[in-house]
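# Fold and contact review
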4 protein chains.
Amino acid sequence: MFTPDPTDHQENLCNGYPPIKLVNRKTETERTIVKVAGAELGGTDIVIIAGPCSIESKEQLKAIADSVKNSGARILRGGVYKPRTSPYSFQGLRDEGLQLLSWIRKETRLPVVTEVMDPRKLELVCQHADMIQIGSRNMHNTPLLNEVGQIRKPVLLKRGMAATIEEFLFAAEYIVKMGNEQVVLCERGIRTFETSTRFTLDISAIPLLKRLCHLPVIVDPSHGSGQWWMVPWLSKAALAAGADGLIIEVHHDPARALCDGGQSLLPEKFQVLMDELKKLAEVMGRKISV
Amino acid sequence: MFTPDPTDHQENLCNGYPPIKLVNRKTETERTIVKVAGAELGGTDIVIIAGPCSIESKEQLKAIADSVKNSGARILRGGVYKPRTSPYSFQGLRDEGLQLLSWIRKETRLPVVTEVMDPRKLELVCQHADMIQIGSRNMHNTPLLNEVGQIRKPVLLKRGMAATIEEFLFAAEYIVKMGNEQVVLCERGIRTFETSTRFTLDISAIPLLKRLCHLPVIVDPSHGSGQWWMVPWLSKAALAAGADGLIIEVHHDPARALCDGGQSLLPEKFQVLMDELKKLAEVMGRKISV
Amino acid sequence: MFTPDPTDHQENLCNGYPPIKLVNRKTETERTIVKVAGAELGGTDIVIIAGPCSIESKEQLKAIADSVKNSGARILRGGVYKPRTSPYSFQGLRDEGLQLLSWIRKETRLPVVTEVMDPRKLELVCQHADMIQIGSRNMHNTPLLNEVGQIRKPVLLKRGMAATIEEFLFAAEYIVKMGNEQVVLCERGIRTFETSTRFTLDISAIPLLKRLCHLPVIVDPSHGSGQWWMVPWLSKAALAAGADGLIIEVHHDPARALCDGGQSLLPEKFQVLMDELKKLAEVMGRKISV
Amino acid sequence: MFTPDPTDHQENLCNGYPPIKLVNRKTETERTIVKVAGAELGGTDIVIIAGPCSIESKEQLKAIADSVKNSGARILRGGVYKPRTSPYSFQGLRDEGLQLLSWIRKETRLPVVTEVMDPRKLELVCQHADMIQIGSRNMHNTPLLNEVGQIRKPVLLKRGMAATIEEFLFAAEYIVKMGNEQVVLCERGIRTFETSTRFTLDISAIPLLKRLCHLPVIVDPSHGSGQWWMVPWLSKAALAAGADGLIIEVHHDPARALCDGGQSLLPEKFQVLMDELKKLAEVMGRKISV
């Protein structure tokens, strides 16, 4: 397994991890910029992705999309195919939800990212979304990785909840090896013994991934904590640790959300957070463009 | 086990966790300030503790202590009794090291913190140190907790590497229940499946502990990562997540360090980090006093 | 999350876990028998599945299949689509391997089990295999679970390497809810901090799953340890803990195996193990039929 | 960290792990026998240790001690100093309990094992107990390890709940290096993400420890599961995996136990288990002497 040599006190940040050939960073300045419509991930800009966990209705989607856009989000998130633990939980609006995705893109002019779990749905979803998410539960799903490696849309690849850094990089390597270099890595919490948070956000993954790999790295503080009030703290920590962006769940009525209401920020709290993040980005030598 | 209710979207930050009676935060403004000589932990100030993992010699200690003081550290760390995995590893200078602690306090006028593992050594160490550390491997050592509960020195309590937040708070409760309210909590990384870092720094522990408990919370990014180059990133993340301070390993010759050289910052890198932290503290509404 | 009440000292073994409706055991004697050709899993018989990790060639397959059949295996395992961490590792013979599966079934008259990762391959694979495996990395792949829920072949569902017992049962529930009740659960090791084994075999999962659920439960000691010499010990432990069967990797030339040679038993060691297991089964009130 | 080479298909079981010098097994037949009064751990005999979690009263102790003796236990367990998570939980009868230990030894002629946490109590406890237990929470407590290394009583060393196999062996090495070779290792469950059991019993630790080390290895299925009904299954699994003994919590009135009632077997269930274990031991080429 990969372990950098901690006794080496030279700043050789580019030796990487040789079994990984394509996503491995080879020079100190090598960085991939992933473009999602006007938003650029991996450069100086910090890009905030926000929106509901699941798309529930036209009204819900419009209310949330408008508010996160006003607050400065550059990409809208919204699940239509939901990977739920129980078959009795809401599974998303599925194919129907795709129409809403297309509609909201036009309404708000925000690009949208949504998860695909089934390779047979990929072509269809690509007609409605600007960025394809591979969720944590499918990070090891190699047929799906191979499939998104062949599309011409950027991919948001979430770390598996029990995936090592090495396995995460190899999952990205599957996609890039098939020809799609537009991959954004997302740390979203790993499974540990600690139960007072839904997952344990692995903050160290950010500098480690950015040292080893030239792809942009973002963080999901909503799944990483499972608790709305913790999201601002983890968002700031992620930026301070060098993240290139965040993906945040926002809901205007979390108590009635069909999925993950407990980890969704109210729009007004998201606005407050964005103001704080802008100041923080500046200190880090970055910026949040609107 | 403790889990806050994530569906409650009110800001009731003070309901705490009732089985914990004394270290439980009861009002929104309740905060304990722990004073170590002139340094105040838990208020507006961010306090940086720095120094070698182990005290090795007068020369080593002087070189490192001078440099961290110049860079703005307010408390000096230095181990004399070392809890090592192998009995064949350097176990610290032990009783001899205590004289060096007293000497360096006078030389630099920095207060010192050092670890005690054996309750029979506590009285002796208290004559030489300003703050007593209970290490991760002894967080569950209740006789030791009861003992430091009876001294009149502040205690730096590190989270056990497999301790839940609940267990960590109960360990602090043991100390406070015996009469010593001057306890600082330290998140230092938990044990998970990920092996590319020595431990996984649980960044979520910071807001969680600060919500539940009125004691100051600091972070050890050196043990939390095991890699010197990651320390600046984790230090900044910790401050952004609301930490009241940091404890950082610094060594002027890490390649020859008798313990943990791989995770020790060079003095010049520590200086650079301090400058960055000062700016970050300001954005967070805090400050690093010198 | 599910936790049985340990303070209840009555033998009410059938209260189950209500959110799980179909795979939940409702009476003390309720048990599903899953039939794979002549082999019956979940009854008195203990069924041993054995064979190579991956099918590599006709010669390799024949040599191993003959030997495991002679030793008493009732079902042959053999991967053709392999979920590998690295895209540069051997990915299995893929579609070509299916012909070999059909061929060996006729040659040996052993039923075969093989893994499917891609729902688009399921129909094809069903023409060649007697039992479909859903691997650990796809336990959360709900489109795939829904798909195997609609076939008329038994399914071998492996526990995700970070799946809780509750999540594992819900994954089975997905399949059964779609109409396929022929599901066998397989504990194969979970990811923990311990690195001297590939995974940590969760032996407690066996009695827990058998208490909560009416489906047969088998164990994979090969992946559970990653080390061939440990396989006999874990196999015996699994039987003693109440497992209904085992799935064991056997290779006649492990040093040259294209996948997982280090955890494959030599045929002669597998024979010795089978003899031991027969005696052990008897003491447990079970038997290994040939 | 230690990882045996799984690709080596020779039976070189004795190469050990060189940084560990004393507890390292050097020849295939090297085994230490630890004698506790008449009981011999590490030979052909399987030794069952049983008794209450905590000693609560003369009546309780007598009732339980008599019953476990009648069922075939060779050593009596009983805690007097209890390492509890909360300072508000029952902490054991402490010094008073020691008199009961001495009394019950004479009454039943069973040797007793009890936990010591404080090195200052060791001399006193040695006057009342036949074997000294170092609990999971103190496995890393090196002053205590050094201290029990200097007594002339056998030591029962429990694995830390987050200790790797390597760290566990090093803890034993501390004791043996100080001169006490009478050490028994005890696997008692590790901390993982799974919450439906109190800890995850690491069954693989048994063959691994026995391969690497010449000390006897026993298992604690009570703490390993936290649930009484699971204890028989885990006990059988432990024996099948090669354990040299078991330590089992038994209570005649678990609903009123002051500690860990939920994981304590009723005496009549312990009797049934002992009968099953005797048959199982025989198949394993071992025996349970009475």
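Residues numbered from 1 in each chain as written. Chains lettered and ligands numbered in written order. Predicted model: local features only at pLDDT ≥ 70, side-chain atom pairs only at ≥ 80, totals over all residues. Heavy atoms only, no water.

## Things to note about the overall build of chain A
For the record, the criterion: Numbering goes from the N terminus for both helices and strands, where a helix is a DSSP run of H or I of at least four residues and a strand is a run of E of at least two. It is over C-alpha atoms that the radius of gyration is taken, and the globule rule equals 2.2 Å times the number of residues to the power 0.38. Exposure is judged per residue with a 1.4 Å probe applied to protein chains only, and the accessible area is read against the type maximum: over 50% gives exposed, under 20% gives buried, and values in between give partly exposed.
Check the secondary structure of chain A and you find nine helices and 10 strands. Over its C-alpha atoms chain A spans a radius of gyration of 18 Å, differing by no more than 12% from the 19 Å that the globule rule assigns to 290 residues. Judged by the C-alpha coordinates and their principal axes, chain A covers about 55 × 40 × 40 Å. Per-residue burial over chain A gives 71% buried out of 290 residues.

## Regarding the sheet that holds strand β8 (residues 183-187) of chain A
Two orientations exist for strands paired in a sheet by backbone hydrogen bonds: parallel and antiparallel. Residue and element names in this part refer to chain A. Defined as follows: A pair of strands is labelled paired if DSSP reports no fewer than 2 bridges between them. Axes here mean lines fitted to C-alpha atoms, for a helix over just the part in contact, with angles spanning 0 to 180 degrees between N-to-C directions.
Pairing in this closed barrel of eight strands is parallel, and the strands run β3-β4-β5-β6-β7-β8-β9-β10 around the ring. Sheet twist, expressed as the average angle between the axes of neighbouring strands with direction ignored, equals 25°. Across four bridges, strand β7 (residues 155-158) lies against β8 in parallel orientation. Across the sheet, the residue bridging to Leu157 is Leu185, located in β8.

## Focus: the relation of the copies chain B and chain A
Note the following rule: Residues reaching a pLDDT of at least 70 in both copies supply the C-alpha atoms on which the copies are superposed by least squares.
Screw-axis analysis of chain B against chain A gives a translation of 0.0 Å along the axis, an RMSD of 0.0 Å, and a rotation angle of 180°. Such a combination of turn and shift is consistent with a two-fold rotation axis. It is B:Ala237 whose C-alpha, among those of chain B, lies nearest the rotation axis, at 2.0 Å.

## With respect to the relation of the copies chain A and chain D
For clarity, the cut-off: By definition, residues are in contact when any of their heavy atoms lie within 4.5 Å.
You can overlay chain A on chain D at an RMSD of 0.0 Å; the transform is a turn of 180° with a shift of 0.0 Å along its axis. Both copies present the same face, since 100% of the interface residues in chain A are matched by interface residues at the equivalent positions in chain D.

## A few points about the interface of chain B and chain A
Stated formally: A quick way to say it: buried area is the sum, across both parts, of accessible area lost when two parts are put together, with a 1.4 Å probe. Any carboxyl oxygen of Asp or Glu within 4 Å of a side-chain nitrogen of Lys or Arg constitutes a salt bridge here. Side-chain atoms alone can form a polar contact between residues adjacent in sequence; in general such a contact is a pair of N or O atoms within 3.5 Å, and within protein one must be able to donate a hydrogen while the other accepts it. Only Asp, Glu, Lys and Arg are considered charged, only Ala, Val, Leu, Ile, Met, Phe, Trp, Tyr, Cys and Pro nonpolar, and every remaining residue, Gly among them, polar.
Taken together, the contacts link 54 residues of chain B with 53 residues of chain A. In this assembly, chain B packs against chain A so that about 4,300 Å² is buried in total across both faces, 69% of it on carbon and sulfur atoms. Counting across the chain B and chain A interface gives two salt bridges. The shortest N-O distance in the salt bridge between A:Glu194 and B:Arg159 comes to 2.7 Å. On the surface where chain B and chain A come into contact, there are four residue pairs in polar contact (both at pLDDT 80 or more). Going through the elements one at a time, α6 (205-212), α8 (231-240) and α9 (267-283) of chain B are the ones with two or more residues in the side of chain B that touches chain A. Of the residues forming the side of chain B that touches chain A, the biggest block, five residues, is contributed by α8(B). Taken together, the residues that form the side of chain B that touches chain A break down as 26 nonpolar, 18 polar and 10 charged.

## Structural notes on the pairing of strand β7 (residues 155-158) of chain D
Side chains on a regular strand alternate between the two faces of the sheet. Residue and element names in this part refer to chain D. Going by this rule: If you view a crossover with the strands going away from you and the path from the first strand over the helix to the second runs clockwise, you call it right-handed.
With burial as the criterion, each face of β7 is covered, one bearing Val155 and Leu157 and the other bearing Leu156 and Lys158. Relative to β7, strand β6 (residues 131-134) is paired through three bridges, and the arrangement is parallel. Note that in β7 the partner of Ile132 across the bridge is Val155. For the crossover from β6 across helix α4 (residues 142-148) to β7, the handedness is right-handed.

## Focus: the packing of aromatic side chains
Residue and element names in this part refer to chain B. As a reminder, the rule being used: Note on aromatic contacts: the rings of Phe and Tyr and the six-membered ring of Trp form a pair at centre separations within 6.5 Å, being stacked when their planes are under 30 degrees apart, edge-to-face when over 60 apart, and tilted otherwise. Criterion for a charge above a ring: Lys NZ or Arg CZ within 6 Å of the ring centre, and within 35 degrees of the ring normal.
For the coordinates displayed, the defined rule picks out zero aromatic pairs over all chains. One cation-aromatic arrangement involves Lys58 over Trp103; the distance from NZ or CZ to the ring centre is 4.9 Å. When the ring centre of Trp233 is taken as reference, the NZ or CZ atom of Lys236 above it lies at 4.6 Å.

## Here's the deal with the pattern of salt bridges
Enumeration according to the criterion identifies 80 salt bridges over all chains in this entry. With its nearest N and O atoms 2.6 Å apart, the salt bridge here joins A:Arg286 to A:Asp244. Taken together, the positions of A:Arg286 in the segment after α9 (267-283) and A:Asp244 in the loop between α8 (231-240) and β10 (245-249) put the pair 42 residues apart, joining distant regions of the chain. Like A:Arg286, the residue A:Asp244 is buried in the burial classification. D:Arg191 serves as the salt-bridge partner of B:Glu167, at 2.6 Å between the closest nitrogen and oxygen. Of this pair, B:Glu167 sits in helix α5 (residues 165-177) while D:Arg191 is found in the loop between β8 (183-187) and α6 (205-212), placing the two residues in two different chains. Relative accessible area serves as the criterion here: at 7%, B:Glu167 is assigned to the buried category. Several salt bridges converge on common partners, so that one network encompasses A:Arg159, A:Glu187, A:Asp202 and B:Glu194.

## What about the pairing of strand β3 (residues 47-51) of chain C?
Residue and element names in this part refer to chain C. Burial of β3 is extensive: five of the five residues sit out of reach of the surface. A two-sided burial pattern is seen for β3, the buried positions comprising Val47, Ile49 and Gly51 on one face and Ile48 and Ala50 on the other. For β3 and strand β10 (residues 245-249), the ladder comprises five bridges, and the chain directions are parallel. Each residue of the ladder has a partner; that of Ala50, found in β10, is Ile248. Pairing of β3 with strand β4 (residues 75-77) involves two bridges; the strand directions are parallel. Bridge pairing in β4 links Ala50 to Leu76. Once the chain exits β3 it traverses helix α1 (residues 58-71) before rejoining the sheet at β4, and the crossover so formed is right-handed.

## Things to note about the sheet that holds strand β8 (residues 183-187) of chain C
Read around the barrel, eight strands follow the order β3-β4-β5-β6-β7-β8-β9-β10 (chain C) and close on themselves; strand pairing throughout is parallel. Along the sheet, successive strands turn relative to each other by an average axial angle of 25°, direction set aside.

## Here's the deal with the environment of D:Met230
Tracing the backbone shows D:Met230 in the loop between α7 (221-225) and α8 (231-240). When the C-alpha atoms of D:Met230 and D:Thr197 are compared, they prove to be 9.4 Å apart, with 33 residues separating the residues in sequence. For D:Met230, the contacting residues outside a window of four places in its chain are C:Ser204, C:Pro207, C:Leu208, D:Thr197 and D:Ser225.

## As for the interface of chain A and chain D
Across the contact, four residues belong to chain A and four residues belong to chain D. Across the chain A/chain D interface, buried area totals approximately 290 Å², and carbon plus sulfur atoms make up 83% of it. Contact with chain D buries surface across chain A, with A:Arg191, A:Phe193 and A:Thr195 losing the most and accounting together for 90% of the total. Here chain A and chain D share zero salt bridges between them. Summed over the shared surface of chain A and chain D, the result is zero residue pairs in polar contact (both at pLDDT 80 or more). Residues belonging to the side of chain A that touches chain D are distributed by class as follows: one nonpolar, two polar and one charged.

## Examining the packing of α1(C) against helix α9 (residues 267-283) of chain C
Residues and elements named next belong to chain C. Put simply, the rule reads: Angles are sorted into four bins: roughly parallel if under 35 degrees, roughly antiparallel if over 145, roughly perpendicular if 65 to 115, and oblique for all others. By the definition used in this description, the sense in which the near helix is turned from the far one sets the handedness, with an anticlockwise turn below a right angle giving left-handed and a clockwise turn giving right-handed.
Here α1 crosses α9 at 20°, and the two axes come no closer than 9 Å. The angle between α1 and α9 places the two elements in the roughly parallel class. Of the two elements, α1 crosses α9, and the hand of that crossing is right-handed. Of α9, the residues touching α1 (which contributes Ser67, Val68, Asn70 and Ser71) are Pro267, Phe270, Gln271, Met274 and Lys278. By residue class, the composition of the contact of α1 with α9 is four nonpolar, four polar and one charged.

## A few points about helix α9 (residues 267-283) of chain D
Put simply, the rule is: The span one expects for a helix is its residue count, reduced by one, times 1.5 Å. The directions considered for the arc are those from the helix axis to the C-beta atoms.
For α9(D), spanning 17 residues, the distance from its first C-alpha to its last is 25 Å, which sits close to the expected 24 Å at 1.5 Å a residue. Here α9(D) has its buried residues at D:Pro267, D:Phe270, D:Leu273, D:Met274, D:Leu277, D:Leu280 and D:Ala281. What you see down the axis of α9(D) is that its buried residues fit within an arc of 130°, all on one side. Opposite the packed face of α9(D), turned more than 90 degrees from it, sit the exposed residues D:Glu268, D:Lys279 and D:Glu282. Contact partners of the buried residues in α9(D): α9 of chain C together with β3 (47-51), α1 (58-71), α8 and β10 (245-249) of chain D.

## Let's talk about the packing of α8(B) against α9(B)
Residues and elements named next belong to chain B. In contact at an axis separation of 10 Å, α8 and α9 are set at 20° when each is read in the N-to-C sense. Comparing their axes, α9 and α8 come out roughly parallel. Of the two possible hands of crossing, α8 and α9 adopt the one that is right-handed. Residues Val231, Pro232, Ser235, Lys236 and Leu239 of α8 form the contact with α9, whose participating residues are Leu273, Glu276, Leu277 and Leu280. Class assignment of the residues belonging to the contact of α8 with α9 gives a composition of six nonpolar, one polar and two charged.

## Concerning α5(B)
All names here are of chain B. Over its 13 residues, α5 extends 18 Å from the first C-alpha to the last, a length consistent with the 18 Å expected when each residue adds 1.5 Å. Where burial is concerned, most of α5 is hidden: 12 out of the 13 residues are buried. Taken together, the buried positions of α5 are occupied by Ile165, Glu166, Glu167, Phe168, Leu169, Phe170, Ala171, Ala172, Glu173, Tyr174, Ile175 and Val176. The inward-facing, buried residues of α5 contact α4 (142-148), β7 (155-158), β8 (183-187) and α6. Phi turns positive one or two residues past the end of α5, at Gly179, with a value near 120°.

## Let's talk about the confidence of the model for chain A
Definition in use: Confidence scores here are pLDDT values: one per residue, from the predictor, ranging 0 to 100.
Confidence in the prediction for chain A averages 94 pLDDT; 94% of positions are at 70 or higher. In the predicted complex, the global pTM is 0.96; the interface-specific ipTM is 0.96.

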